[in-house]
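Here's the letter readout for the chains.
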Amino acid sequence: MSRQLKLGAFLMATGHHVAAWRHPQVPANAGLDFAHYKRLAQIAEAARFDTLFVADSVAAPTQNIASRMARSDHFEPLTLLSALSAVTEHIGLIATATTSYNEPYHVARKFASLDHLSGGRAGWNLVTSDNAAEALNFGRDAHIGHAERYSRAREFHQVVTGLWDSWEDDAFHRDKASGEYYDPAKLHVLEHVGEHFRVKGPLNVARSPQGQPVIVQAGSSETGRELAAQTAEVVFTAQTSLAGAQAFYADLKGRLAKYGRSADSLKIMPGVFVVVGQTEAEAQEKCETFQQLVEPEVGVALLGRMLGNFDLSKYPLDGPLPELPLTESGQQSRQKLLTELAGRENLSLAELGRKIAGGRGHYSLVGTPAQIADRLQEWFEQGAADGFNVLVPHLPGGLEDFAHGVVPELQRRGLFRTEYEGRTLRENLGLARPGNRFV
Ligand SMILES: Cc1cc2nc3c(=O)[nH]c(=O)nc-3n(C[C@H](O)[C@H](O)[C@H](O)COP(=O)(O)O)c2cc1C
């Protein structure tokens, strides 16, 4: 069968547009409404999406303007996906968990549990925290610096995957006749001692259906790419142009060989913000409805956060983007992307804030299903993407538009599955099941 693209549904309570919660068709209380998420999961699964994807931050925004955004109350991702695992059968469940403010044992245990609960559909989006406010919730006065966060992340990954191999696949034979619950020869105690962590092990969860949950990453700086090349199986990235996405794709795939990895052992899925209409005019009009709801100060607050935790409220709204230092606390790749965008299009602060109010800098498509499918096909066939993480302005409406319009168009073109290939997330993504390092 010819190569087909992968699709993730990036869920965000009321939707990705910062003003979506104010739209008449959007349930403003969606962040803590399980029935809402259940519906989203079922729409995505009926459309044969590979995964649900949930981002995270372990802090709520506290600046004054935060009271005008729907960003302060939502489910914790692993808890939410564990509940969704009970009402879905095929779709992958990718939760974000930070390596900066967690312990590896907790993370290994929770994701192994999700993999068991879901019959092999768990994925871990390993992030280093791009929100400086998180530090204040974990006994620190300031966020851990960029390089240190990545150093900790690398070791964190080693420990988590080591713990996932604590038991061989058939270690627990639970033999009632002999009285032996597990075979001691198939237990492996990690005994990790490193720069950041000391973890004895073993994990108190048997090796999970996928052997190891799928490792997802979303850092795109130089250090982020190197960590991804070494450890990630799916990479989520923000790209604005075909040429930029092609360069990122070639660069990252080109780094795999030195770690003994093949090009298809890592799937690159840029984010794409999509507004779908029956006609192009209808799609534009739909997009404009959301844009009209953006208060300039809200757009600029979102911009400051995405640029790397800067307070831009003291700068004039109609002035240019001020010169900012390289962010230590946020995403260096996104800072570069947004700064280049402001320069290229000569945008004022308020205009840039408004421009990214929907997709936060991700590639944006507004049009008919066929127009959108054309661009996705182009990126997929021209070495820019193995698939896409789909962001929609509002939920559930935007996801329904994509599922009922764009997905059938991709299927007609033979670019997307009509049935799931396997039972586990690895099988559907075409990723090998990892062997146990101790065997
Ligand atoms: C597309 C994308 C999505 C991300 N999602 C999250 C997230 O949900 N939570 C988080 O703490 N960090 C998130 N990050 C940031 C990662 O933590 C990243 O490792 C860190 O900010 C450093 O990024 P950099 O390598 O581009 O500098 C995301 C990054 C990108 C590029």
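The residue count restarts for each chain, going from 1 along the sequence in the order it is written. For this predicted model, a pLDDT threshold of at least 70 governs which residues receive local features, and a threshold of 80 or more governs which side-chain atom pairs are given and counted, while totals over whole chains, interfaces and linings are taken from all residues. Each side-chain value is derived from all of the structure's non-hydrogen atoms; neither hydrogens nor water enter the calculation.

**Side note on the overall build of the protein chain**
Along the protein chain, the regular secondary structure elements total 13 helices and eleven strands. Two things to know: the radius of gyration comes from C-alpha atoms, and the globule rule equals 2.2 Å times the number of residues to the power 0.38. Relative to the globule expectation of 22 Å for 439 residues, the C-alpha radius of gyration of the protein chain, 22 Å, shows essentially globular dimensions. Taking the principal axes of its C-alpha atoms as reference, the protein chain extends roughly 75 × 55 × 45 Å. Here the term buried applies to any residue with accessible area under 20% of the maximum for its type, exposed to any over 50%, and partly exposed to those in between, with areas from a 1.4 Å probe on protein chains only. The burial tally for the protein chain puts 56% of its 439 residues in the buried class. Contacts in the protein chain between residues far apart in sequence, at least 24 positions, make up 78% of those at least 6 positions apart. Surface exposure here means Shrake-Rupley accessible area, sampled with a 1.4 Å probe, where a residue is shielded only by the protein chains that are shown. Split by element, the accessible area of the protein chain, about 18,200 Å² in all, is 51% carbon and sulfur. Under the scheme used here, helices are H or I runs from DSSP no shorter than 4 residues and strands are E runs no shorter than 2 residues, and both carry numbers assigned from the N terminus. For this analysis, residues touch if any pair of their heavy atoms sits within 4.5 Å.

**Focus: empty space enclosed by the protein**
A pocket, in this scheme, is an open set of points on a 1 Å grid over the protein atoms alone with protein on both sides within 12 Å along at least 5 of 7 lines, while a cavity is a set where a 1.4 Å probe fits but cannot get out; residues line either one if an atom lies within 4 Å of a point. Grid points are joined across faces, edges and corners, and a volume is the space filled by probe spheres set on the points. Enumeration according to the criterion identifies two cavities of 30 Å³ or more in this entry. A volume near 70 Å³ is recorded for the largest cavity. Taken together, Thr51, Phe53, Ile94, Val216, Val234, Phe236, Met269 and Asn389 form the lining of the largest cavity. For the lining of the largest cavity, the secondary structure elements donating two or more residues are β2 (51-54) and β8 (234-237). Each residue gets one label: Ala, Val, Leu, Ile, Met, Phe, Trp, Tyr, Cys and Pro are nonpolar, Asp, Glu, Lys and Arg are charged, and the others, such as Gly, are polar. By residue class, the composition of the lining of the largest cavity is six nonpolar, two polar and no charged. Of the voids in this model, the second largest cavity is the one considered here, and its volume is about 40 Å³. Forming the boundary of the second largest cavity are Val18, Ala19, Trp21, Arg22, Arg68, Leu293, Val294, Glu295 and Val298. A class-by-class count of the residues in the lining of the second largest cavity yields six nonpolar, no polar and three charged.

**Notes on the pairing of strand β7 (residues 214-217)**
Alternating positions in β7 separate into two faces, Val214 and Val216 on one and Ile215 and Gln217 on the other, with burial throughout. The rule for pairing is simple: two strands pair if DSSP sees at least two bridges between them. In the sheet, strand β4 (residues 122-127) pairs with β7 via four bridges, with the strands oriented parallel. Bridge pairing in β7 places Leu126 opposite Gln217. Sheet analysis places β7 next to β8, joined by two bridges and oriented parallel. Bridged to Gln217 within β8 is Val235. Handedness of a crossover is defined as follows: orient the strands so they point away from the viewer, and if the path from the first strand over the helix to the second runs clockwise, the crossover is right-handed. This β-α-β element, β7 to helix α5 (residues 222-231) to β8, shows right-handed connectivity.

**Quick look at the domain arrangement of the protein chain**
Splitting the protein chain by domain gives domain 1 (6-142 + 206-280 + 360-429) and domain 2 (295-356). Between domain 1 and domain 2, the contact holds 20 residues from the first and 18 residues from the second. Buried area is a sum: the accessible area each of two parts loses on coming together, probed at 1.4 Å, counted once for each and added. Each partner contributes to the roughly 1,600 Å² buried at the junction of domain 1 and domain 2, and carbon and sulfur atoms together form 57% of this total. Within this document, salt bridges are pairs made up of a side-chain nitrogen of Lys or Arg and a carboxyl oxygen of Asp or Glu, the two lying within 4 Å of each other. With its nearest N and O atoms 3.1 Å apart, the salt bridge here joins Asp130 to Arg305. Nitrogen and oxygen atoms within 3.5 Å of one another constitute a polar contact, given that in protein one can donate a hydrogen and the other can accept it, and given that sequence-neighbouring residues count only through two side-chain atoms. Scanning the region where domain 1 abuts domain 2 turns up six residue pairs in polar contact (both at pLDDT 80 or more). Considered class by class, the residues forming the side of domain 1 that touches domain 2 number five nonpolar, ten polar and five charged. Here the bounds of each domain stem from an automatic or database domain assignment.

**Some remarks on the layout of surface pockets**
Gaps left between atoms show up when a probe the size of a water molecule is rolled over them. Reported here for the second largest pocket is a volume of approximately 510 Å³. Within the residue set of the lining of the second largest pocket, elements represented by two or more residues are α4 (146-164) and α5. In terms of residue count, α4 provides more of the lining of the second largest pocket than any other element does, four residues in total. Taken together, the residues of the lining of the second largest pocket break down into six nonpolar, ten polar and eight charged.

**A word on the UniProt feature "domain: Luciferase-like" (unreviewed entry) in the protein chain**
UniProt positions are given in the numbering used here, feature names are shortened, and annotations may be inferred rather than shown by experiment. The positions UniProt marks with the feature "domain: Luciferase-like" (unreviewed entry) are residues 17-384. Measuring from the first to the last C-alpha atom of residues 17-384 gives 25 Å, for a span that is 37% helix and 12% strand.

**Overview of the site of the ligand**
Within the structure, the ligand sits among 20 residues, and His146, Tyr150, Ala218, Ser221 and Ser333 are positioned closest to it. Thr128 places a polar side-chain atom, nitrogen or oxygen, 2.9 Å from an oxygen atom of the ligand. Here an oxygen atom of the ligand and a backbone polar atom of Ser129 are 3.4 Å apart. Taken together, the elements giving at least two residues each to the shell around the ligand come down to α4 and α9 (332-345). The greatest single-element share of the shell around the ligand, amounting to three residues, is contributed by α9. Among the residues making up the shell around the ligand, the classes are represented as five nonpolar, twelve polar and three charged. Note on terminology: near, applied to a residue and a molecule or strand, indicates that one of the residue's heavy atoms is within 4 Å of it.

**Digging into the packing of aromatic side chains**
Note on aromatic pairs: each is described by the distance of the centres and the angle between the planes. Two rings from Phe, Tyr or Trp (for Trp, the six-membered ring) form a pair when their centres sit within 6.5 Å of each other. Planes less than 30 degrees apart are called stacked, planes more than 60 degrees apart edge-to-face, and all others tilted. Throughout the structure, instances matching the rule amount to 16 aromatic pairs. Between Phe10 and Phe53, the ring centres sit 5.0 Å apart and the planes meet at 75°, which makes this aromatic pair edge-to-face. With a gap of 43 residues between them, Phe10 in strand β1 (residues 6-11) and Phe53 in strand β2 connect regions that are remote in the sequence. The residues Phe10 and Phe53 share a single accessibility class, namely buried. Plain terms: the ring middles of Phe172 and Tyr181 are 6.0 Å apart, the flat faces sit at 80° to each other, and that makes the pair edge-to-face. Among the aromatic side chains, those forming a connected cluster through ring pairs are Phe111, Trp124, Phe156, Trp164 and Phe197.

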